[in-house]
Structures are given as structure tokens and as C-alpha cells.
Amino acid sequence: MDANLPFRLQLSGITKQFPGVLANDRVTFSVRPGDIHALLGENGAGKSTLVKMIYGIMAPDAGEIAFDGERVEIANPKQARKLGIGMVFQHFSLFEALTVLENIALGMDASIRSRDLEARIREVMIAYGLNLDPRRIVATLSVGERQRIEIVRALLLNPKLLIMDEPTSVLTPQEVEALFKTLRQVAAQGCSILYISHKLHEIKALCDTATILRGGKVVATCDPKQETSRSMAERMIGASLKDIKKDPNRTFGEPKLIVSGLSTKAEDEFGIAVEDVGFSVRAGEIFGIAGVAGNGQNALLDALSGEVLGENSQAITLEGHPLGLLDTTGRRKLGLCAVPEERNGHAAVGDFTLADNSVLTARDRLKMVVGGLIDSGAARTYTGRVIAEFAVKALGPLSMASSLSGGNLQKFIMGREILQRPSVLVVCQPTWGVDAGAAAAIHQALVDLAAAGSAIVVISQDLDELLTLCDTLAVINEGRLSRTLEVGEASIEELGLLMGGVHGTPEQVSIEAGGGVAVQA
Amino acid sequence: MSTDLLIAVVITVIGASTPILIAALGELVVEKAGVLNLGVEGMMLIGAVTGFIVMFTTGNPWLAVFAAAVAGLLSSMIFAFLTLSLSANQVATGLALTIFGTGFSALAGQEYSARPVGIFRSVFPAELAGHPVWRLVFGHSPLVYFSLIMVFVVWWFLKRTRPGLILRAVGENDLSAHSIGYSVISIRYAAVAFGGAMAGIAGAAFPLLLTPQWAERMTAGRGWIAVALVVFASWRPFRLLAGAYLFGLVMTVELYSKAGGGPLSAVPAELWAAMPYIATVVVLVLISLRRAGSTSAPACLGKPFLATN
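Residues numbered from 1 in each chain as written. Chains lettered and ligands numbered in written order. Predicted model: local features only at pLDDT ≥ 70, side-chain atom pairs only at ≥ 80, totals over all residues.

**Overview of the overall build of chain A**
So, point 1. Looking only at helices and strands, chain A has 17 helices and 23 strands in total.
So, point 2. The globule rule puts the C-alpha radius of gyration for 521 residues at 24 Å, and the 24 Å found for chain A is close to it.
So, point 3. Counting only C-alpha atoms and orienting by the principal axes, one finds that chain A spans roughly 70 × 50 × 45 Å.
So, point 4. Taking all 521 residues of chain A together, 49% fall into the buried category.
So, point 5. Within chain A, contacts between residues separated by at least 24 positions form 69% of all contacts whose residues are at least 6 apart in sequence. (Helix = DSSP H or I, 4+ residues; strand = E, 2+ residues; numbered from the N terminus. Rg over C-alpha atoms; globule rule 2.2 N^0.38 Å. Buried ≥ 20, exposed ≤ 12 C-beta atoms within 10 Å, placed from the backbone. Contact = placed C-beta atoms within 7 Å.)

**With respect to the nonpolar core**
So, point 1. Ranked by size, the top nonpolar core spans 230 residues in total, and within it I163 of chain A together with A24 and L229 of chain B carry the most contacts.
So, point 2. Examining the composition of this core, we find that 15 residues originate from one element, helix α10 (residues 184-210) of chain B, more than from any other.
So, point 3. Shared between two domains, this core holds at least three residues of each, these being domain 1 (9-237) and domain 2 (255-344 + 405-520) of chain A.
So, point 4. Residue contacts for L229 of chain B: discarding those within four places in its chain leaves I20, A24, L240, G243, A244 and F247 of chain B. (Core = buried A, V, L, I, M, F, W, Y, C linked by C-beta atoms within 7 Å. Domains from an automatic or database assignment.)

**Topic: the pairing of strand β13 (residues 286-290) of chain A**
Residue and element names in this part refer to chain A.
So, point 1. Across the 5 residues of β13, 5 count as buried, placing the element largely inside the fold.
So, point 2. Here β13 shows a buried face lined by I286, G288 and A290 and a second buried face lined by F287 and I289.
So, point 3. When β13 meets strand β20 (residues 455-459), the two strands line up parallel, connected through 4 bridges. The residue bridging I286 from the neighbouring strand is I456, located in β20.
So, point 4. Bridge analysis of β13 against strand β21 (residues 472-477) gives 4 bridges, and the strand direction is parallel. (Pairing = 2+ DSSP bridges.)

**Quick notes on the sheet that holds strand β4 (residues 62-67) of chain A**
All names here are of chain A.
So, point 1. Pairing is antiparallel in the open sheet, where 4 strands are placed in the order β2-β1-β4-β5. At either margin of the open sheet sits one strand with a lone partner, and together these are β2 (21-31) and β5 (70-72). Strand after strand, the sheet turns through a mean of 30° between neighbouring axes, direction not considered.
So, point 2. Direction of pairing for strand β1 (residues 9-18) relative to β2: antiparallel, over a ladder of 7 bridges. (Axes fitted to C-alpha atoms, helices over the stretch in contact; angles between N-to-C directions.)

**Some remarks on the confidence of the model for chain B**
All names here are of chain B.
So, point 1. This prediction gives chain B a mean pLDDT of 88; 94% of its residues lie at or above 70.
So, point 2. Per-element confidence in chain B is highest for helix α3 (residues 61-85), whose mean pLDDT is 96, and lowest for helix α13 (residues 269-289), whose mean pLDDT is 76.
So, point 3. In the predicted assembly, ipTM is 0.76 and pTM is 0.71. (pLDDT = per-residue confidence, 0-100.)

**Points about the pairing of strand β8 (residues 192-197) of chain A**
Residue and element names in this part refer to chain A.
So, point 1. Most of β8 is tucked away, with 6 of its 6 residues classed as buried.
So, point 2. Of the two faces of β8, both are covered, the one formed by S192, L194 and I196 as well as the one formed by I193, Y195 and S197.
So, point 3. As judged from the 5 bridges shared by strand β3 (residues 36-41) and β8, these two strands associate in the parallel manner. Following the sheet pairing, L40 is matched in β8 by S197.
So, point 4. Judged from the 5 bridges that link them, strand β7 (residues 161-165) and β8 form a sheet pairing that is parallel. Looking across to β8, one finds that L162 is bridged to I193.

Now the structure itself:
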């Protein structure tokens, strides 16, 4: 790269004040043409606010943005796109009921005949090896395919700067590989990429430079290839990372949760059913379920939590009690708690206070309802404990759940279940979208819960997470569960093969072993 | 049944369907933008009284329809300001608009009740418009042709034009539309204004097309039928046309049953009169019974939009 070229993007002294928080404090850094530049930081470090200002969704209170060496004021996203700035959002800004083509057309500023647009879309897809049918309705597409729409939409504008906001948080390892290939190709053609993530091994694999934000300030700029994941994580959280403390001499008790012959019906024609799943988890054991997204993980969680009932009461037993025909409330009373993957609207109600959200799942186990009336004092006290013990950044038990950032809400939800001391805890994607510090805290809490004698089931797409956390694991593919493997004996290759199933060829499954373990630890 | 009577029945059905169709088309566009305006009945009454007064004083039906559209539009702006600018609850505001429209029209029309006006007749030459058979094609009020053209226009606008796509996008996911850079609030204002104008015209069809006089609450709940019809039609303009004509047919049967004689009188007239409303309830129940997720309702329907910054 020519060092004489002006910086593609140069930020100096960008400051943004929200009521009560200084989201960005004199942020200064620059991105070279063709650079893949990582923006790292914990939840709430101000990354999203910063890129929103670059993309013109918000205006900075102070500071300057220069693009290709010229000072610019970016008043709205339209102007950003005109400059050549494209953005792929973390939460896709897609319209489910519309087709891929219509979705892309909406992101274009000029009106183009749909036939011409379709031709251009096909061109871009061929050029970057992206596969997508422009006529499909978005609602029928997988998460990875949806992200491809956003990428195609951004690439159609021939951007000079592409902003990617946590693009891999919902992708499978294979999809991540494919995405990185595309991004490297985009960068090789001179487009700079601003890559926001907190998956450090990905940043090491992909990015040329990293700017680390903490509390709205730039704390470091470094070359991620020269750093360890751990050193970057520590700068990100501003403290040294704690390793998960596991007792090496831990022993397991009797099987607590026994699942055998568990089957459910598919919810709709696109859904995946759970078929003849069987496993058992002993007291003190953490059992992991790996798998590529969309292989029945959610159906399995619903079947275990009691949201979807099976046909056989003996299919699930907890310390000998048959649970198969009990609903969630009944299972919770007997000691089986579950945390679904989707935080908003499933694990928590956004428009409720945290205390009310506590009542929803802890009311029976912690006697928050007396004679049909809510004991709001007990709910508040318990919620306060969750906030304190899990370091949830919230104003208090009466904050709205929707006012918390994703990672903080996840900490709250995990804390709410763990402090109920369930004898079996089933969690799906416990650290999805959660930063390294918080993830480590959640992992430690799960390990401690197991050490206290609970049986834990962790369903996750993050192999690193499962390998760090679990004692035994199995792989789910097309709704069927593989045999149970000891974590020591499970090789990444074997797991990859099991996960691949019909969804991917073994060559595609290449996971950087150990790369992320230091972060998760 | 003689051909003559059959033609007369068809013309009556078309006439009875037209105001519902016009109002429902307006509401369809409003709902596609993600706004639920339950004030259709009220805006129709305001349109009806305005149309009547202008017709009565000027005798010009075109001016009357135009004035009714403006009146409907202005009344819808009250709703738009409250729900879009101030984020008031849409259901409550819509109901308030209906109550307001009912009261306002009764007040404004007080002096005019039971005074006759002219009908908004076909503009085609009398040989065609009055021809025993060709009147089936040429004998309708301009409002009828307007409603049919608008079915096509609304379909074409929503399905084939870029502004229509943007409008649907706003109704489907307002936050995404905002983050792409579309002004959700102004698009919704425009949609509500269109719905208001259409409701006003639909209201004017009552004195100009159906009963050439002013009577309090003369729209008789047709605005509600229009709202239900939008759901019935799954937000599709051509299904809306079919639905509106179906309701028109039921209402015409009621008329003929009152005239007495024939097999219709076997059922009490009151039951026939209740038929459109019963049909509305049945349709709404049937639609709710369909599996969740398969409805084509705009995803943001009725939800207020609050920009986060």
C-alpha cells in the first residue's frame, strides 16, 4: 500500500455525549486505503455509536471526520453512501416480507429498473463468490444468507469503506471462512474495511490494524498479528483476564438429567424437528451440544425447557421424576431452568423492568408470589443481587430490560437463572454477543454452579466455548444427536465432521484450534 | 329474473360497494405504511357532510368530491399529528377521530337534514348511460370508475413503484427503514393523508351516489366494514375489490328483502340488515384462525415509531 495516499478515513477528537454517558471521548484514529481495520471494545465501549456517526445516523457533538483527506460532514446515511461508505449492520436491517431484490433496491439511492438491478446483483455475486437467489422472500432465508444480502447491498455501491458491525456473531465456522474470503477480496481491491468485533481470534486472522476502545476512549492501536488474543482482551477490559478455575480433581455424581428417545414435531415446513435424542448429564457435569446453526438447537431447547411438550413423560427425567409432559413452570418447580437463545422477547421482556423479569422465571423457586400477589420487595432484592453479583450495568432493579445493552441483558438473564440454584440448567448460546470479560464471568459462574452439584447443558455454536467449558459433548445435526464424547478425546476434526453432516464438506471445516481459547479462558 | 332487473341489481351492488371500496383502498395504503387508523368512519362522515354542503350550495359534484377529499385529509392530519408526531396510541386516537367525526358532521349538517341534492351522474352521453344494456358499462357515477381505477393504481403503486416499495418497507420494519435513511414519519404522514382523502371521497359518495340528502350517521358503520375488509383482503387491492363487491351484494340483498316478496322475505329483514356486520365478524374470526405467521399483515402495523436519536 502506498504510504503517500491520504488516509481513507481519519477521525479526530470525535466526541458524543448521551444523557448520563460520554459515549465517545475525543476518539482519534485513521484507516488506510485497503486496510482491514478492527474496532475492538467491550459492550458499551462506544463502538456502535462511533460507526453510527461515520455512517451519518448520528451527528458527533465535537470532532472532525476526514474522508480521503478531505473534511466531511456526514448528515445522513444517504450522504455517507454517496461518499462511498457502506455498512453491514449487526442486526440486519432487512424487511422479512419482501424479496431479496426488493430489499437491495431499498438500500439503493437511485431508482434502478428491477431487471437491471438483478443483473448487477448477479454480477457482484459472481465476482465475490456469494450465492443468493434474488427472488426469494427474506423470511425463508438462513442467517448467513441474510447477511449476504447486506453485503451484496453494500458492495453494489462500490464502496471505498465498508463498515461491518459484529458480522460473525451469528455465523457458523464455514460461513465465517466464506465471509473472510470475501472481505479479503474486497480489501485487495482497495476498499477499506472497518471491522467491529470482540472475537479476538477472528481479528487476528483477518485484520491489519486494531483500535481498541474502552469507556468511549481509544486506549490502544496495535497490529493484531503481533498481539496475543489475551493481551488485546486485557487492554479491552482494562484488567487482567481471569482464567476459568476448574477443580482438576472434580468428580461427577449420579446422572441427574436423563433424556432418551426425545422427539418433537417440526414447527412448520422450514423447521427442524428433534428426533430420538438421548443423553444423560451427571451432577457436577457440564454437557455441551455443538452444531451448525439451524440444526434443531432451538427445537431441542424448547423440548428440554418444556415450551414444546413431547409425547412421552419418561423421555426426560430429572433425578427420576418424569418431566416429559410438564410445562416450563412445572419443570422449573422441580429444578430444571432454561435460557433460550433469543434474549429479547424470549428470555426477557423488553418493556418490563428487570425486577418483573425476575418474577417471570423465579417466582416459584424463590417464592416471589404470595397468595397470588407479587412480593415486589423480594423481586427487587433478588434482582439487586443478580445485578451486583453478575456486574450487570444497569441503574437498578427497576430499569427497563430494553435499556440494557445486549451483553448486559445476557449477564442479567444468566444471573437470574444461576442464582436460583437450579439442579439442571439448560442454556443456549450463553455468551452470544457478549464481550470477553463478561463471557469469562458467565463461564466461571456456570463452572461454579456445576461444582456445587448441578448438571448443566450448554447448547452453543461456538466450539471454543464448548471445549473450554464442557466435560462431555455431543453434536447435533439435522435434529439428531451424536454419541457423547469426552472433551479430552474429541478432536476438532472429528467434531467438524460430525457438525458438517450434509451441511458442509469436511474440507470447509477448518477451525483455528486453541486460537480463541485464550480469550474464552 | 328479467335481464332488466338483473342489470338493475348489478348496478345497485356496484353503487353500494363503491364507498366501501374507496375507503378501504385508502386504509390499505395507510396500513401498508404501518399505521392503523380506526377513524375511517369519522373521516367518512366529515367527507359526507362536506360533500353534501358543497353540492347543496354550488351544485357542482366535482367540487363537492374535491372538498370532501380535502376535508377527509384535514381530519386525518389531526390523527397523524397525534399518533406520528406525538406518538399517541393509534387505536385510541382512531376511535376518538370517529367519535369526533360523528359529532362534527352532525353539528355541521344540522340545518341541511332532509334537503335533497342532485346525484353525481354518469358523464357519458345519455344514449349510452341510459341504454338498457350498455348502462351496465357507461351508466355509473364517475365515483365508480374512480374506485376501479384506484384499485389498479394502488396495486401498481405498491407493487411496481419505488415509493410504493419504500412505503411497504416502512410498514414492514420501521427501524430498518430509518437506519437505511428513509424518513419514516413523513412517509407515514403521506400515507395517512392519502387514506384521509380517500375516506373523505368515500363519505361524499353517500349523499352524491346513494341517498341524495344529508342524514346524521348516514355512513352507517361502512367505515368499519372498510377497515375489516382490508384485513379480509390480506392487504391486497384486487382481493379488496372482490371483498367490497361481496359486501355490496349482501347489502343489496338487504334492500330487496325490505322491498318484500320473493324468497328473500322468508328471512326477517333485520337479519338481512345485520348480514354485512355478521359477515365482517365471521371474516375476522376466520382470518384470526389461520395459523399465526401466515397472515400478511405489515409487521409494524399499529406500532408507534420512535427514532432512537
